[in-house]
Amino acid sequence: MRNYKRISERKPITEAILCEAREHIDNGVSVRQAAKAVGFHEATLRERLKEGRGSENLGRFSAALHPFKPGNQLAGRDFTRGFMRRNRLSLRTPWKTSIARTMGFNRIQLAQYFDNLENVLQKYKFLPNRIYNVDESGFQTVLNKLPKHVAPTGKKDVAKAVAAEQGQTVTAVCCMNATGHHVPPYFLFARKRMNLLLIKDGPTGCDMAVTDTGYMNTPTFIKYLEHFKKHTNPTEQNPVLLILDNHVSHTNLQSMIFAKSNHIHLLSLPPHSSHKTQPLVRVFFRPLKAYYESVADSWTTSNPGQVLSIYHVAGLFGTAFATVDIANEGFRATGIYPLNKNIFADVDFLPAEVTEQDLDTDISDEDRVFVHFEGEVTQEYPLDPSPQQQSTSDAAATRTEPSSEPVLSTCLLPGSSNVAALPQPLECPNDPKQHEASPSDIIPFSKIKKNRKRTGRSLKPLS
């Protein structure tokens, strides 16, 4: 119930007070004098004498009110609000998360990723200014979400002129290190021919490329690595670590060969986990897009009748790009620098429990992982050998054992891993915390049925 605080000093006529008033009346005292004797108004006492009973409550806030509706026994609004307030609960609008992300962000893949990161950091002793993260994001000429405007009270429809119903997308490739230093952005346009006027007003040192779709592909990523090398100057004595996601353009043989020959060490994030493990996604792109939409809306207001085209995107992006100054916090939030393997709590892995399954033992040609080692460019080995492979000597002889050198770049198939399950903590019978029951203990999360068919994209052999 609501925490109602009484302001009035009135009190109800209880059965004891009503009995006292009746004794006065039986002794020949009038009702008015009896009301004064018990400290109540005459009309109130007469009403209670007429009903023949006293009351334990005053007004509509009575204990007789049940917190559940009498018809369907559902919790009422007062009970629900009180329950949420006592248990520190609140309503929140959730973000859309694909099933691939809920499956990809699990303990097994995170453990392998942090082991790779720790091995590389221990071997090469990378300083924070040599640890970089790169990612791409799209910026449109027509804003998806317009900023709010002040309008007269009661006006329901507020319109805003835009360039077109559907705008063009320009891909911006951003890269930063753990100290907050940014590599000049790299823009991708959906065109056939280069035109440097597209980045005329862009950030200092920015560059561009054109593709058929406006998105990243393998040849374009190699061009970006040249742009990255130009502004970071990696050498054998002072190499750099570049952390990126598992996009097909990033995890190809040509990109790895170029990076290896130019002292750029690539470390891939676990598949479908960039919403948690990508520093740029965690703290940079969201405020950057908010600033970009604000700047683009101001430009549209200041230039009535003009159309916002792809020739203006680089300039507006540069204005918003110079405003965001919290990028280096993403490395701390994702546990990259300083290295923190326990940055993610148990609650972060709860969505993966619904789809968590045991590792497959049947290995096919599609279920393989390709790892880039320092000694060899590529080596191929199955994720988890089947019992037939373990029992036959021929299969064991044909398997290529991984090198003992630290992993520099890993390409994982979605939903698969080559790391054993993490050991469970030992139970302590004297620990009172282990006896506390949670809702998932009472009603466990339902698990999906095991599907032997792979629906994710498979990587081709790196030959």
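Residues numbered from 1 in each chain as written. Predicted model: local features only at pLDDT ≥ 70, side-chain atom pairs only at ≥ 80, totals over all residues. Heavy atoms only, no water.

- The protein goes by DDE-1 domain-containing protein in an unreviewed UniProt entry, where it is assigned to Rhamnusium bicolor.

Regarding the overall build of the protein
Part 1 of the reasoning: A tally of regular secondary structure across the protein gives 17 helices and 9 strands.
Part 2 of the reasoning: Here the protein holds 463 residues, and 37% of them are scored as buried.
Part 3 of the reasoning: Within the protein, contacts between residues at least 6 apart in sequence are counted, and of these 73% link residues at least 24 apart.
Part 4 of the reasoning: With the model as given, the accessible surface of the protein reaches about 28,700 Å², and the carbon-plus-sulfur share is 52%. (Helix = DSSP H or I, 4+ residues; strand = E, 2+ residues; numbered from the N terminus. Buried < 20%, exposed > 50% of the residue type's maximum accessible area, 1.4 Å probe, protein only. Contact = heavy atoms within 4.5 Å. Areas by Shrake-Rupley, 256 points an atom, 1.4 Å probe, with all protein chains shown as cover.)

What about the packing of helix H11 (residues 285–302) against helix H12 (residues 310–321)?
Axes are the key here: two packed helices are described by the angle between their axes and the distance separating the axes.
Part 1 of the reasoning: Direction vectors running N to C along H11 and H12 enclose 125 degrees, while the axes themselves pass 8 Å from each other. Taken together, H11 and H12 sit at an angle that is classed as oblique. For the pair H11 and H12, the crossing hand works out as right-handed. Only His312, Val313, Leu316, Phe317, Thr319, Ala320 and Phe321 of H12 make contact with H11, whose side of the interface consists of Leu288, Tyr291, Tyr292, Val295, Ala296 and Trp299.
Part 2 of the reasoning: Across the contact of H11 with H12, the residue classes break down as 11 nonpolar, 2 polar and no charged. (Axes fitted to C-alpha atoms, helices over the stretch in contact; angles between N-to-C directions. Parallel < 35°, antiparallel > 145°, perpendicular 65-115°, else oblique. Left-handed = near helix turned anticlockwise from the far one by under 90°. Nonpolar A, V, L, I, M, F, W, Y, C, P; charged D, E, K, R; others polar.)

Considering the nonpolar core
Considering soluble globular proteins, one finds that nonpolar side chains tend to be buried as a cluster.
Part 1 of the reasoning: Among the nonpolar cores identified, the biggest contains 47 residues, and Tyr113, Leu117, Phe187, Phe189, Leu241, Ile243 and Leu288 are the most heavily contacted of them.
Part 2 of the reasoning: Sorting the residues of this core by element identifies helix H6 (107–124), strand S1 (131–140), strand S2 (169–177), strand S3 (182–190), strand S4 (207–211), strand S5 (240–244), H11 and H12 as the ones contributing at least two each.
Part 3 of the reasoning: Broken down by element, the residue count for this core peaks at 7 residues, all from H12.
Part 4 of the reasoning: Not counting chain neighbours up to four residues away, the residues in contact with Ile243 comprise Tyr113, Leu117, Ile131, Tyr132, Asn133, Val134, Leu267, Leu269, Gln278 and Ile336. (Core = buried A, V, L, I, M, F, W, Y, C linked by side-chain atoms within 4.5 Å.)

Comments concerning the sheet that holds S4
Part 1 of the reasoning: Strand order in the open sheet formed by 6 strands is S4-S3-S2-S1-S5-S6, and the pairing between neighbours is mixed. Edge positions in the open sheet fall to S4 and strand S6 (264–268), since each of these has one partner strand only. Here the strands of the sheet are splayed against their neighbours by 25 degrees on average, with no regard to which way each runs.
Part 2 of the reasoning: In this sheet, S3 lies alongside S2 in antiparallel orientation, the contact comprising 5 bridges. Opposite Val173, over in S3, you have Tyr186 as the bridge partner.
Part 3 of the reasoning: H11 contacts S1 and S2 of the sheet and is inclined by roughly 35 degrees relative to S1. (Pairing = 2+ DSSP bridges.)

Focus on the pairing of S1
For a regular strand, side chains alternate in direction, first toward one face of the sheet and then toward the other.
Part 1 of the reasoning: Most of S1 is tucked away, with 8 of its 10 residues classed as buried.
Part 2 of the reasoning: Both S1 and S5 contribute to a ladder of 3 bridges, which runs parallel. Along S5, the bridge assignment pairs Asn133 with Ile243.
Part 3 of the reasoning: Examined bridge by bridge, S1 and S2 share 9 bridges and lie antiparallel to one another.

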